[in-house]
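# A closer look at the structure
So the chains spell out like this:
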Amino acid sequence: MPAEDTSRATKLAGLLRSGGLQSRLRQQIGVVIALLLLILVASLVSDRFLTVPNLLNILRQVAIVGILAMGQTFVILTAGIDLSVGAILGLSVVLFASLLEGHGLAVAIPLGLLAGTLVGLVNGIGVAYARIPAFIMTLGMLSFARGLAFIHTGGTPIPILNENYYYVGNGYLLGIPIPALIFIATLIVSAIVLRLTPFGRCVYAIGSNEDAARLSGVPVRRYKMLVFVVCGFTAALAGMVFSSQLSVGTPIAGQGYELDAIAAVVVGGTSLFGGKGSVFGTFVGTLIIGILANILNLTGVDPFVQQLAKGALIVVAVYVMSRSNRS
Amino acid sequence: MNDGLAMHPLLEAKGLRKSFEGNTVLSDVDLSVLPGEVHAIVGENGAGKSTLIKILGGVYQPEAGQLLIGGAERRLRSPRDALAAGVVVIHQELSLAPDLSSQENIFLGHMPLNSLGVVDQSEMRRQSQQLFDRLSVQIDPSRLAGELSVAQQQMVEIAKALSFDARVLILDEPTSVLDRDRVATLFQVIERLKAQGIGIVYVSHHLDEIFTIADRVTVLRDGRRTGLERVQAVDQEWMVSCMIGRDFPPHAAHTRSSGQPALEVKRLTVPGEFEDVSFSVREGEIVGLAGLVGAGRSEVAQAIMGLTRPVRGEITVFGRPTRISGPDAAARLGIAYVTEDRKAQGLLANRPVWENLTISNLRRFYSFPFLRPRAERDFVQDMVKRLDIRLSSVNTEIRNLSGGNQQKVLIGRSLAVEPKILILDEPTRGVDIGAKQEIYAFVEKLVSQGVAIILISSEMEEVLRLSDRIVVLKGGQVASTMSRGEASEESIMRAAALAS
Amino acid sequence: MMRYSFILLSALIAAPASVALAQERQPISNKTCDELLAFYDKLPFTDVLPLDEGPIAIGGDAGELTIGFSQTGFNHPWRISMLEAMQAEACRHDNIELIVLDGNVDVAKQNNDVRDLLARGVDGIVMSPVESAGLVPAARAVMAEGLPLVLLDRDVPSEKTLFIGQSNVTMAEQVAKRMAEDLGGKGDIVVITGLKGSSPAVDRDQGMMNVLADYPDINVLVKGDGEWIREPAVRLMEDWLTAHPKIDAVFSHAEESAWGAQLAIARANRCAEGIRQYTFDGSNAGFKSVRAGTFGADGNYTPFIGDIGLRAVIYTLMGQDIPGKAEYHNAGYQLVLPDSPTVVPENAEEWIGRGWGDFEPTPDPCQ
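These numbers were taken from a predicted model, which means no experiment stands behind them.

## What about the overall build of chain B?
Looking only at helices and strands, one finds 18 helices and 22 strands in chain B. Taking 500 residues into account, the globule formula puts the C-alpha radius of gyration at 23 Å, and chain B, at 25 Å, falls close to it. For chain B, the spread of C-alpha atoms along the principal axes amounts to about 75 × 55 × 45 Å. Here chain B holds 500 residues, and the buried ones make up 47% of them. Long-range contacts, defined as pairs at least 24 residues apart, comprise 67% of the intrachain contacts of chain B with a sequence gap of at least 6.

Following this line, the structure appears as structure tokens:
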């Protein structure tokens, strides 16, 4: 009997040790293979693709949508959706621009980020406490925040003349574009939060089965609110990269980006029904979409055909992933 | 209708068998329905009544046996086939479209058209009125179904059935949604349908109703027919004994030594669900909550967990009156609940087993700023061992586990809060025999460690085997409280099913 | 997994392949070189920076030259006409390859497009920016590579090889002046702007206000955003017709919006009031509407400057001086194009055929 107990215990320990990383990798292997394959094809099609400047270029290009998609992943993991991220980006962009004019970086950056976070908070309160469906709440916010951006600027773009700020969007640190670094930092922080904090764990639980999570004592409403706060913050962060990269606070910034961000999340393997997915997947999804756009540009494919290719990629990727998940 | 025809059953089932995943739920069941007859079907929860109804309604296909309708063998591959054959089921939950008028509901799917191919409103209204006249009920066919009372909606459903030329009408627990005085109206309508030669299958928990309305009664137990008699020839004793069928050996008297009162509920009331429910449970004691489906047992548990707000009454935990705001607060008081509805309220279906185990008390595995994977792992390992959960890896998504192992994980989850009071709601529903015994043994072990347990179960055997005391609920009220010695399957059935 | 890979692979290959099949026809415009060359002779500015047909030799070397064109977006025929003029010029020189990218009217997308062109190693870039300020970093990147950068239509406030544009301000002044004269110096007008915040809309409004400053009796009742297109203009005009019993003229920033306003006027049964329309764009259809009397004036804002842009890049690559270039308020140089006269009933006939687009105007519902 004791012998049996020990053998079972070692078997159990083995089970626990072996599983974690491996099964996580297995979930994401599909999307990673797709990325590697895309890189392979891209480097065959264009000899310009696999060059350091171009790869850094891609990282900088995808940073804005990528950062948006990080926050969007939190929301989608709870089976919600945030349609207002593009508009929050637009609002924060004009706020950064106008705040920079009078106050400088030290004031503009925190206040701009705070503004986006507050908009996210309003979304969160609406969804979690007033129980407005996320689709409706954020659709309304999309229009509302965009309207604020237009009112704030009177419709005219605000030029940004601050050279330090320009450096945030266009400079390099250790040879890597700063927007790419911000993107990767967002990824790492998001991954840690989702993987290692009670909040992150509960995000998955809520998305998997909200009723079960509530019955397990998860503060469902608070966390459902919080994912929108996170999403608002990342939208503002993306707005910071946008405005510094382009040196302008334009109220139309980020129009339609919500869909790009959702596409990146979905291509990255996160389920729109919640509870399944990861920010790493979203990172890879962002890269896949970005690399596809880059290689189509490099090979000079008709721009109209490019849109077609992007649409096909999204649908095909999600179809294949849903198939492989079932089997 | 001539006498010769009246001799032939409208519907005849012979030797029906059906099983799910190896569990036989119906075997060798016969049933016949004569014109103008009300044929009652009774049986405990899980006796196979609903499976039988679903076969008759074309939802399930039997593995063996045959169905004869109007004397000819028919295969019902879908509810549509059943409709075409004149067999209509009216379910417990009414299924009218609330935003359509009564007449549109009646003719949904087969509306009369005029020569232009457009719905002929006046014809539809005329025919609806005719159907209501046949039932002698007063309903305006143009009123929206959503504006009608439940009783009226039921009449619309019956009229809808008649519009399909129903020969056999199957009523599944028709009185469960009705007030007492509406029941009389329903019975009048049934009498009228009988007079029109329609055969009625009447499924009910309420034995007293059977004696009022039925001509014959079929009793099911564990998927078999254990009795068929003319109602006039039998009494309630006979029915109850057919339903229970076996005599349980009196359980060995427990030598449990219960401690101080853990949870006391006094005159707890949630309007529309239950009223003035009082009971208490001590440390190291199991109190069974018995009763029929819909008697309010789970609702009481949800009120204790703070999921619904009682308007009246008091909950006392270890001598201190408390207001419980939700599962989180309950957990802090040491109360845990294992849901009856595993799929909808229990499983984080697409998350790994280990996350399912620890989600109820992440605080325990947390030290700022991160969760402690090692602590989680130790707990998970401990639970897998203690509950003997069988799996290939704790990283498996819980939906891939068998029902029994899923249930063990949910019990393990409730233990993460180290409960002093544990509410188990149908802890062995959909669980195979082996796992059932293991769960029983585990529950008994918990009790012996001093946990107070409230056991909600529709399985008599389970309640009788485990409980120290049994509270029987009926229609949202405590019908009876009995000690282990007083309780028997028969006494519980009486209290739960018979009119007081 | 394997299937996933195959589908992705085939999607990737299919896209470029479909382009190869359509090699005969130019992207976006979908025209062949023969068609484009026939059209070349009708372009208004072929005498600006003239260039002979045939391969371009740079320092005696007539190797392949790749020129990138980053367009704001191809959501409007005006933008496609600009491209056609450029494609026509490219067709005249065998060794010029044109790479065309669509900015989707998104600053960030166009910024990325320009960097992709650089990564691809083009020899020069023509860009028509989505927005002035937002493309500064992209422009800087091109200049940092030492490549010629020619900007069309909209300027960027940073260093560049050449900016070629027409002034929306002076053009709007011409149109507004004509309106003021037609109104006899007094009346009530409504303004349907282009997309709010976009620089041509800002400039056209500025030009109008410059003129109206001299006409205190012309009263602007209201301004609204027509987004350059028809549908919002219809709604705006309908509401304004309800709100204002007397409107003497509509000053709209785009022909599409003007036609939309006319539809609203007819729908409101107010044709008889003779509400006058003043607008911009310079399409053949617009000129026909001027001839028909629907429009009182049409600002002649031609898109046929694409060919000049390409020639300017080639001139720079060949080391030739660009005649007529001049320093101006922004960094770099500007090429001032001769002003196109505003098209009014008196000259409409002679301009029809020299505008852009080969579609017919919306029939005037008031006539």
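Right, picking up where we left off after that structure.
## Thoughts on the interface of chain C and chain A
How big an interface is tends to be stated in terms of accessible area lost as the parts join. Listed by partner, the interface residues are 38 residues for chain C and 46 residues for chain A. Put simply, the parts of the chain that give the side of chain C that touches chain A at least two residues each are helix H1 (2-21), strand S2 (96-102), helix H4 (107-120) and helix H5 (136-144) of chain C. The element that contributes the greatest number of residues to the side of chain C that touches chain A is H1 of chain C, accounting for 12 residues. Its residues placed into classes, the side of chain C that touches chain A shows 23 nonpolar, 7 polar and 8 charged.

## Observations regarding the packing of helix H3 (residues 85-103) of chain A against helix H5 (residues 134-153) of chain A
Residues and elements named next belong to chain A. Close contact between H3 and H5 brings their axes to 8 Å; oriented N to C, the two are set at 20°. If you check the angle between H3 and H5, you find them roughly parallel. The handedness of the crossing between H3 and H5 comes out as left-handed. On the side of H3, the interface is formed by Ala 87, Ile 88, Gly 90, Leu 91, Val 94 and Ser 98, while H5 contributes Met 141, Leu 142, Ala 145, Arg 146, Leu 148, Ala 149, His 152 and Thr 153. A per-class count over the contact of H3 with H5 returns 9 nonpolar, 4 polar and 1 charged.

## Thoughts on the domain arrangement of chain B
All names here are of chain B. In terms of domain boundaries, chain B breaks down into domain 1 (3-244) and domain 2 (261-497). For domain 1 and domain 2, the distance between their C-alpha centroids amounts to 36 Å. Listed per partner, the contact involves 9 residues of domain 1 and 10 residues of domain 2. Among the elements that line the side of domain 1 that touches domain 2, the one with the most residues is helix H9 (residues 236-244), at 3 residues. When its residues are assigned to classes, the side of domain 1 that touches domain 2 shows 4 nonpolar, 4 polar and 1 charged.

## So, the environment of Gly 346 of chain B
When you line up the elements, Gly 346 of chain B lands in helix H12 (residues 342-346). Separated by 133 residues in the primary sequence, Gly 346 of chain B and Ala 479 of chain B place their C-alpha atoms 29 Å from one another. Excluding residues that lie within four positions of it along the chain, Gly 346 of chain B makes contacts with Ala 212 of chain A together with Thr 339, Asp 341 and Leu 410 of chain B.

## A word on the sheet that holds strand S5 (residues 72-73) of chain B
All names here are of chain B. Spatially, 4 strands are ordered S2-S1-S4-S5 in an open sheet, and the strand pairing comes out antiparallel. Each having just a single partner strand, strand S2 (23-33) and S5 make up the two edges of the open sheet. Examined bridge by bridge, strand S4 (residues 64-69) and S5 share 2 bridges and lie antiparallel to one another. Bridging from a neighbouring strand, Ile 69 pairs with Ala 72 of S5.

## Examining the interface of chain B and chain A
With 30 residues of chain B at the contact, the number on the chain A side is 26 residues. Among the elements that line the side of chain B that touches chain A, the one with the most residues is helix H14 (residues 373-386) of chain B, at 5 residues. Tallied by class, residues from the side of chain B that touches chain A come to 16 nonpolar, 8 polar and 6 charged.

## A look at the pairing of S2 of chain C
All names here are of chain C. Counting buried residues in S2 gives 5 out of 7 residues, a clear majority hidden from the surface. Pairing of strand S1 (residues 65-71) with S2, which is carried by 7 bridges, proceeds in the parallel orientation. Within S2, the position partnered with Thr 66 by the bridge is Glu 97. The parallel pair S1 and S2 is bridged by helix H3 (residues 77-91), and the resulting crossover is right-handed.

## What to know about the environment of Gly 254 of chain A
Residue and element names in this part refer to chain A. Within the secondary structure, Gly 254 sits in the loop between strand S4 (248-249) and helix H11 (257-267). With 16 residues separating them along the chain, Gly 254 and Ala 238 place their C-alpha atoms 9.4 Å apart. In contact with Gly 254, not counting residues within four places along its chain, are Gly 86, Ala 87, Leu 89, Gly 90 and Phe 242.

## Some points on unusual backbone geometry
Following Phe 368 of chain B, the chain continues to Pro 369 of chain B via a peptide bond in cis, the omega torsion being 0°. Considering the arrangement of structural elements, one finds Pro 369 of chain B in the loop between strand S17 (366-367) and strand S18 (370-371). Of note, Leu 49 of chain C is a non-glycine position whose phi angle comes to about 50°, a positive value. If you trace the backbone, Leu 49 of chain C turns up in the loop between helix H2 (33-40) and S1. Taking the C-beta count within 10 Å as the criterion, Leu 49 of chain C has 22 such neighbours and is therefore assigned buried.

## A short note on the environment of Glu 227 of chain C
All names here are of chain C. Structurally, the position occupied by Glu 227 is in the loop between strand S7 (218-225) and helix H8 (230-243). In this structure, the C-alpha to C-alpha distance between Glu 227 and Asn 284, residues 57 residues apart in sequence, is 21 Å. In this structure, Glu 227 is in contact with Leu 195 and Pro 232, ignoring residues within four places of it in sequence.

## Concerning the sheet that holds strand S11 (residues 325-327) of chain C
Residues and elements named next belong to chain C. In spatial order, the strands read S2-S1-S3-S4-S5-S12-S11; together these 7 strands make up an open sheet with mixed pairing. For this open sheet the edge positions go to S2 and S11, each flanked by a neighbour on one side alone. Averaged over all pairs of adjacent strands, the angle between their axes in this sheet comes to 25°, without regard to strand direction. By the bridge criterion, 4 bridges tie S1 to strand S3 (residues 124-127) in an arrangement that is parallel. Directly across from Ile 67, in S3, lies its bridge partner Gly 124. Across the sheet, H3 lies against S1, S2 and strand S4 (149-152), angled at about 165° from S2, the strand it touches most. Taken strand by strand, helix H11 (residues 306-318) contacts S1, S3, S4 and strand S5 (162-165), and its axis lies near 155° from that of S3.

## Quick notes on the pairing of strand S9 (residues 276-280) of chain C
All names here are of chain C. Burial analysis of S9 places 5 of its 5 residues in the buried class, which makes it a mostly covered element. A two-sided burial pattern is seen for S9, the buried positions comprising Arg 276, Tyr 278 and Phe 280 on one face and Gln 277 and Thr 279 on the other. Strand direction decides the pairing type here: strand S8 (residues 249-252) and S9, joined by 3 bridges, are parallel. Following the sheet pairing, Ala 249 is matched in S9 by Arg 276. In this view, the connection linking S8 to its parallel neighbour S9 by way of helix H9 (residues 255-267) has right-handed handedness. Strand direction decides the pairing type here: S9 and strand S10 (residues 295-299), joined by 4 bridges, are parallel. Across the sheet, Phe 280 pairs through a bridge with Gly 299, a residue of S10. Viewed along the sheet, the connection from S9 through helix H10 (residues 284-292) into S10 turns out right-handed.

## Observations concerning the confidence of the model for chain B
In regions of low pLDDT, the predicted coordinates are not meant to be interpreted in detail. Residue and element names in this part refer to chain B. Mean pLDDT over chain B: 89, with 95% of residues reaching 70 or higher. No element of chain B has a lower mean pLDDT than helix H1 (residues 3-7), which averages 48, and none a higher one than strand S19 (residues 421-425), which averages 97. Note that pLDDT drops below 50 for residues 1-6; the model gives that stretch 4 contacts with residues more than four away or on any other chain. A low-confidence stretch, residues 247-253 stays under pLDDT 50, and its non-local contacts, those more than four residues away or across chains, total 5 contacts. Reported confidences for the modelled complex are a pTM of 0.77 and an ipTM of 0.87.

Here is what the cut-offs are and how they apply
- Residues numbered from 1 in each chain as written.
- Chains lettered and ligands numbered in written order.
- Predicted model: local features only at pLDDT ≥ 70, side-chain atom pairs only at ≥ 80, totals over all residues.
- Helix = DSSP H or I, 4+ residues; strand = E, 2+ residues; numbered from the N terminus.
- Rg over C-alpha atoms; globule rule 2.2 N^0.38 Å.
- Buried ≥ 20, exposed ≤ 12 C-beta atoms within 10 Å, placed from the backbone.
- Contact = placed C-beta atoms within 7 Å.
- Nonpolar A, V, L, I, M, F, W, Y, C, P; charged D, E, K, R; others polar.
- Axes fitted to C-alpha atoms, helices over the stretch in contact; angles between N-to-C directions.
- Parallel < 35°, antiparallel > 145°, perpendicular 65-115°, else oblique.
- Left-handed = near helix turned anticlockwise from the far one by under 90°.
- Domains from an automatic or database assignment.
- Pairing = 2+ DSSP bridges.
- Right-handed = clockwise from strand over helix to strand, strands pointing away.
- pLDDT = per-residue confidence, 0-100.

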